[in-house]
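Okay, here's what each chain looks like letter by letter:
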Amino acid sequence: MDEYSFRIANRIVGNHKKAPGIEITLSGPKLLFHHDVVVAITGGKAEVDVNGNPVDQWAPIFIKAGDKLSIGKLSTGCRAYLAIRGGIDVTEYLGSRSTFALGNLGGYNGRVLKLGDVLFLGQPELPSCTLPSAVSEPTKIPESLIPSYDFNANKSWKVGVTCGPHGSPDFFKPESVDEFFSAKWKIHYNSNRFGVRLIGPKPQWARKDGGEAGLHPSNAHDYVYSLGAINFTGDEPVILTCDGPSLGGFVCEAVVAEAEMWKIGQVKPGDTIQFVPLSFEDAKSLKSKQDSLVESLQGELPSIETKALPKPENPVLGEVQVSPNAPKVVYRQAGDRYILVEYGENVLDLNLSYRIHKLIEMVKDNKTKGIVEMSQGVRSVLVEFDSEVTQKQLLQTLISYEKEIVFENKWKVPSRVIKLPMAFEDEKTLAAVKRYSETIRAEAPWLPNNVDFIASINGVDRSDVKNMMYTARFLVLGLGDVFLGAPCAVPLDPRHRLLGTKYNPSRTYTPNGTVGIGGNYMCIYTMESPGGYQLVGRTVPIWDKLSLGSHSVNPWLLSPFDQVEFYPASEAEVDECSERMNAGKFKVEIVDSVFDHGAYLKWVQEHSASIEEFQKNQGGEKLEEFNRLIQISNAELATNGGVKLGEDEKFSDDAELVYSEYSGRFWKPLVAVGDEVKQGQGLIVVEAMKTEMVVNATRGGKVVKIFHDNGDMVDAGDLVVVIE
């Protein structure tokens, strides 16, 4: 999260830049060492000692075998970093040794560390060790390289961002963009490595909805997000960080500059942020200077104080339409290392997906200088580039390629038909919706039942939604929605494209294998994760972590232009199939095929009358009424604040007032009024940062008052329970 502090920690102990270390959030561990080592702790300030003797951060610490290193709670910042000379020897997975705890991947057994874990250090002298050796001697760094973490609710972090990919006047009103930069945004309690949620002014949208992509103006046809993108999930912004989603369907107003991302790793719930608009050139200059500091360990951290643009800039870098038949192409700035190439109008058109496919092929065949990765969305592709090429040079290259792509309407691509079992509205799916209503938002048009909402807005019966899920064939247009190869897929039959909207705000929890509908699109969630699609059922896991299945060439099952079908299964059958899938023993039914767009257009033409009738029935007064209800619902969306003791509430003189140590969402009580409790017994559960935290009784007695209901906001220091 704070790459700068982690890199400096490795430099202090003399490690290679690829050596793994430990990220510490809010409170540190106690570690017993069995070997002599050199360590360094950087990042937020904490009490650090060796065998009870205080030691300094940001300097080499020499540890002897048998020594115990203790890292306490952070008093500033949110994260600290521990580097050990030689690195921690963990297995490389998909080119990384980092832990992705949400997906149970990488690092140490794919999870956070816990009591009793034994970590092995790199031993480069052994042939089996793949970690790089240390590259320099341990060294102390000058204080000029140590950032300040002294920020809070009253002293805002200033964070530099580039504008776009989505701006004004097409997505946000000009005054809304101005307010975005002038406002001080409070860090939400539910912030973590997935993303940092923000509390602040509601955006003023320049459009009434997202068209075919969804009923809320924040909805977009799914595209690939930049790291550091400030993404509006409905009306709530979230900064997408290192464990954030790859692809999704919400607009992004700005992207945090790469050199400024360390600040996002250090903000904590209750802190405030003010965004500062930077030019692309200044953002790249900051990164270059930061890299130079890490390499030389000399100089001072660069500041953004004098870099602010006088006004936010237009994120559109260029537009081109190479022929009357070709789609218009818009090139959008999407941070200081990405360009978002967006094709055509805001409608679903499979020709655009094919054109993106041809552009990716062309870049690959020509081994284009400076391009790191091309990531495909529904009607766009995110181009990541490095310092070998400038933004302007890459823009010209992409435009040149565009001029070489010939418009085609009758095209063919390799495609596989993949059939999966699905249990419609199983208990786990319904429980996820219920959890959302209890912890995030109690009332919304899509509550209490997502399928009822989909049926109502489309003027059909809930059985029609069920039948659609089992008769539709979904064409995969993008992967990583939200994580790990999760598909963004569209029904090939236009009569199966049901109108809808995504959750606002999004869920914090969705079970692995859940199937969702959002606007025109279907998604299969590949891990327990946040999400915004309307939930309809559950299928087998489609991410094969160890590639055990006979079908598994890669961990991800699906590829662009694959076709997915579901067949009915009971919840028990899906559970059994899931166990077999995880063990590599479930045989997925896969048929190699070709998607023939010409033949598809012919089929659509043959059924044009019924398709037009279906689309006509979706619109009209009913759609307008639902739009109105959703707008009213969004306007009423508000969070509950902390509870204060009223003047008319009297308790006995020996009453014990129990306060929350945590900021979060009141999830559930563990006791009821009238219960007798013991000291240390759990009273309530507060959910924050993907963690369930228990507030315990500070003494024994009888519970006489519980101040919150499920879903209420709780701030640290709020009164939660009274015991007499």
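Residues numbered from 1 in each chain as written. Predicted model: local features only at pLDDT ≥ 70, side-chain atom pairs only at ≥ 80, totals over all residues. Heavy atoms only, no water.

Q: For this particular structure, what's the right way to read the sheet that holds strand β5 (residues 53-54)?
A: Hydrogen bonds between backbone atoms are what pair the strands of a sheet, whose relative direction is either parallel or antiparallel. Ordered by their spatial adjacency, 4 strands build an open sheet running β2-β7-β4-β5, and the pairing between neighbours is antiparallel. Each edge of the sheet is formed by a strand with only one pairing partner; in this case those strands are β2 (30-32) and β5. (Pairing = 2+ DSSP bridges. Helix = DSSP H or I, 4+ residues; strand = E, 2+ residues; numbered from the N terminus.)

Q: What should I look at first to understand the layout of surface pockets in this one?
A: A water-sized probe rolled over the atoms picks out the places where empty space is left. Reported here for the second largest pocket is a volume of approximately 470 Å³. Together, 21 residues line the second largest pocket, and Glu212, Leu348, Arg497, Asn520 and Gln615 are the ones closest to its centre. Looking at the lining of the second largest pocket, the elements that each hand over two or more residues are α5 (350-365), α11 (597-606), α12 (608-618) and α13 (620-636). A per-element tally of the lining of the second largest pocket places α11 first, with 4 residues. (1 Å grid on protein atoms, 1.4 Å probe; cavity = no way out; pocket = protein on both sides within 12 Å on 5 of 7 lines; lining within 4 Å. Points joined across faces, edges and corners; volume = space filled by probe spheres on them.)

Q: It is not clear to me how the packing of aromatic side chains should be interpreted in this structure. Could you clarify?
A: Each aromatic ring pair is characterised by the separation of its centres together with the angle its planes make. Enumeration over the complete set of coordinates arrives at 24 aromatic pairs. Ring centres of tryptophan 543 and tryptophan 556 lie 6.0 Å apart, and the angle between their planes is 35°; this geometry places the pair in the tilted category. Of the two residues, tryptophan 543 sits in the loop between β32 (534-539) and β33 (563-568) while tryptophan 556 sits in the loop between β32 and β33, which places them 13 residues apart along the sequence. Judged by its relative accessible area of 33%, tryptophan 556 is partly exposed. One aromatic cluster is present, built from ring pairs that chain together Tyr354, Trp411, Phe561, Phe595 and Tyr600. (Phe/Tyr/Trp six-rings, centres within 6.5 Å; stacked < 30°, edge-to-face > 60°. Buried < 20%, exposed > 50% of the residue type's maximum accessible area, 1.4 Å probe, protein only.)

Q: Would you explain helix α9 (residues 462-471) in this entry?
A: Residues that lie three or four places apart on an α-helix share one face, since the helix turns once every 3.6 residues. Buried within α9 are the following residues: Val465, Met468, Met469 and Tyr470. Among the structural elements, β25 (412-424), α8 (450-458), β26 (474-479), β29 (514-518), β32 and β33 are those in contact with the buried residues of α9. (Contact = heavy atoms within 4.5 Å.)

Q: I'm lost on the pattern of salt bridges in this one. Help?
A: Pairing between side chains of opposite charge can happen when the charged atoms of each approach one another. This structure, assessed with the given rule, holds 29 salt bridges. In this structure, the salt-bridge partner of aspartate 235 is lysine 202, at a minimum N-O distance of 3.8 Å. With aspartate 235 in the loop between β15 (229-233) and β16 (236-240) and lysine 202 in the loop between β13 (195-199) and β14 (219-224), this residue pair connects regions lying 33 residues apart in the sequence. Taken together, the shared-partner salt bridges connect Arg7, Glu258, Lys287, Asp291, Arg337 and Glu384 into one network. (Salt bridge = Lys/Arg side-chain N within 4 Å of Asp/Glu carboxyl O.)

Q: Would you mind showing me how to read the side chain of serine 218 here?
A: In this structure, serine 218 sits in the loop between β13 and β14. Note on serine 218: relative accessible area 0%, which makes it buried. Side-chain polar atoms of serine 218 contact the side chain of histidine 216, separated by 2.9 Å. Not counting residues within four places of it along the chain, the set of residues in contact with serine 218 comprises Trp205, Arg207, Phe232, Thr233, Gly234, Gly249, Phe250 and Val251. (Polar contact = N/O pair within 3.5 Å; in protein donor to acceptor, adjacent residues only side chain to side chain.)

Q: Help me out: how do you make sense of unusual backbone geometry in this one?
A: Working note: non-glycine residues mostly have negative phi, and peptide bonds are mostly trans. Here the residue pair serine 168 and proline 169 is connected by a cis peptide bond, since its omega of 10° sits within 30 degrees of zero. Tracing the chain through its elements places proline 169 in the loop between β11 (157-163) and α2 (174-182). The peptide bond linking leucine 447 to proline 448 adopts the cis configuration, its omega dihedral lying at 10°. Here proline 448 lies in the loop between α7 (427-439) and α8.

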